[in-house]
Amino acid sequence: MPGVRDISADDFITAYASHLKRSGKLEVPTWVDLVKTGSYKELAPYDPDWFYIRAAAVARHIYLRKDVGIGALTKLHGGRNRRGNRPSHHAPASASVQRKVCQALEKIGVLEQTENGGRRISQDGQRDLDRIATAVVEAAREDEEEEEDDE
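Just so you know, these numbers come straight off a predicted model, no measurement behind them.

Caption draft 1: Just the overall build of the chain, in detail. In terms of regular secondary structure, the chain is built from five helices and four strands. Seen along its three principal axes, the alpha-carbon backbone of the chain occupies a region of about 55 × 40 × 30 Å. The buried share of the chain, taken over its 151 residues, is 40%. About 9500 Å² of surface is accessible on the chain, with carbon and sulfur atoms providing 46% of the total. Averaging the locations of the 23 positively and 26 negatively charged side chains of the chain gives two centres separated by 16 Å.

Right, here's the structure in full:
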């Protein structure tokens, strides 16, 4: 049975984000259309579904590791801070956004807190992510079969 590790990150995150949006369980804050995702950014994300995509990326990242804190997620989703004519440096993403994503995933039972303050994937969340990964692999297999039939 294929798992999250067996498929590409892009395919899985797209599929899981659409699943989260379709289910309607993920509580999206009211400020998502206004907020920047980091202090080094100039504008808010153009994609109206960016919160679902970020939630799917966070869930996948925590699935692949045992125990992840907010600081590690800010470092992961950070980017290049362009400082004018001075050299660019890496800047962390907004910790508030990462925290709200984790809290929303905790509310629907995908994540749970650990004793040391980090987050880990719950049993229900692991089952959910494995089910999505299997569906992605089956969909890819069906697409390949259709392409072979066309030829």
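Caption draft 2: Structural detail: helix H1 (residues 9–23). Relative to the 21 Å expected for 15 residues at 1.5 Å per residue, H1 spans 21 Å between its end C-alpha atoms, a close match to the ideal helical length. Within the sequence span of H1, burial applies to Phe12, Ile13, Ala15, Tyr16, Ala17, His19 and Leu20.

Caption draft 3: Structural view of the nonpolar core. Counting residues in each nonpolar core, the largest one holds 37 residues, and the members touching the most others are Phe12, Tyr16, Leu26, Leu105, Val110 and Leu129. Elements supplying a minimum of two residues to this core: H1, helix H2 (50–64), helix H3 (70–76), helix H4 (95–107) and helix H5 (123–150). It is H2 that contributes the most residues to this core, 11 residues altogether. The contacts of Leu129, once residues within four sequence positions are left out, are Val4, Phe12, Tyr16, Ala59, Arg60, Tyr63, Val110 and Ile121.

Caption draft 4: Structural detail: the pairing of strand E2 (residues 86–91). Where strand E1 (residues 79–83) meets E2, four bridges bridge the pair, whose relative direction is antiparallel. Bridging from a neighbouring strand, Arg83 pairs with Arg86 of E2. Here E1 hands over to E2 after two residues, with Gly84 in that stretch at a positive phi of 75°.

Caption draft 5: Just the side chain of Thr37, in detail. Within the secondary structure layout, Thr37 lies in the loop between H1 and H2. Among residues more than four places away in sequence, those in contact with Thr37 are Pro45, Trp50, Arg54, Ala93 and Ser94.

Caption draft 6: Looking closely at the packing of H2 against H4. Between H2 and H4, the least distance of the axes is 10 Å, while the angle of their chain directions is 75°. When the interaxial angle is binned, H2 and H4 end up roughly perpendicular. In contact with Trp50, Phe51, Arg54, Ala55, Val58 and Ala59 of H2, H4 contributes Val97, Gln98, Lys100, Val101, Cys102, Ala104 and Leu105. Counted by class, the contact of H2 with H4 contains 10 nonpolar, one polar and two charged residues.

Caption draft 7: H4, seen in detail. Helix length check: H4 (13 residues) gives 18 Å between terminal C-alpha atoms against 18 Å at 1.5 Å per residue, within 8%. Listing the buried residues of H4 in full gives Val97, Gln98, Val101, Cys102, Ala104 and Leu105. In an axial view of H4, the angular spread of the buried residues amounts to 160°, which keeps them on one side of the axis. Buried residues belonging to H4 abut H2, H3, strand E3 (111–113) and strand E4 (119–121). At the N-terminal end of H4, a side-chain oxygen is found 3.4 Å from the backbone nitrogen of Ser96, two or three residues along, and the residue is Ser94. Gly109 sits one or two residues past H4 and shows a positive phi near 90°.

Procedures and definitions
- Residues numbered from 1 in each chain as written.
- Predicted model: local features only at pLDDT ≥ 70, side-chain atom pairs only at ≥ 80, totals over all residues.
- Heavy atoms only, no water.
- Helix = DSSP H or I, 4+ residues; strand = E, 2+ residues; numbered from the N terminus.
- Buried < 20%, exposed > 50% of the residue type's maximum accessible area, 1.4 Å probe, protein only.
- Areas by Shrake-Rupley, 256 points an atom, 1.4 Å probe, with all protein chains shown as cover.
- Lys, Arg positive; Asp, Glu negative; His and termini not counted.
- Charge placed at Lys NZ, Arg CZ, Asp CG, Glu CD.
- Expected span 1.5 Å × (residues − 1).
- Core = buried A, V, L, I, M, F, W, Y, C linked by side-chain atoms within 4.5 Å.
- Contact = heavy atoms within 4.5 Å.
- Pairing = 2+ DSSP bridges.
- Axes fitted to C-alpha atoms, helices over the stretch in contact; angles between N-to-C directions.
- Parallel < 35°, antiparallel > 145°, perpendicular 65-115°, else oblique.
- Nonpolar A, V, L, I, M, F, W, Y, C, P; charged D, E, K, R; others polar.
- Arc of directions from axis to C-beta.
- Polar contact = N/O pair within 3.5 Å; in protein donor to acceptor, adjacent residues only side chain to side chain.

The analysis is restricted to geometry; functional conclusions fall outside its scope.
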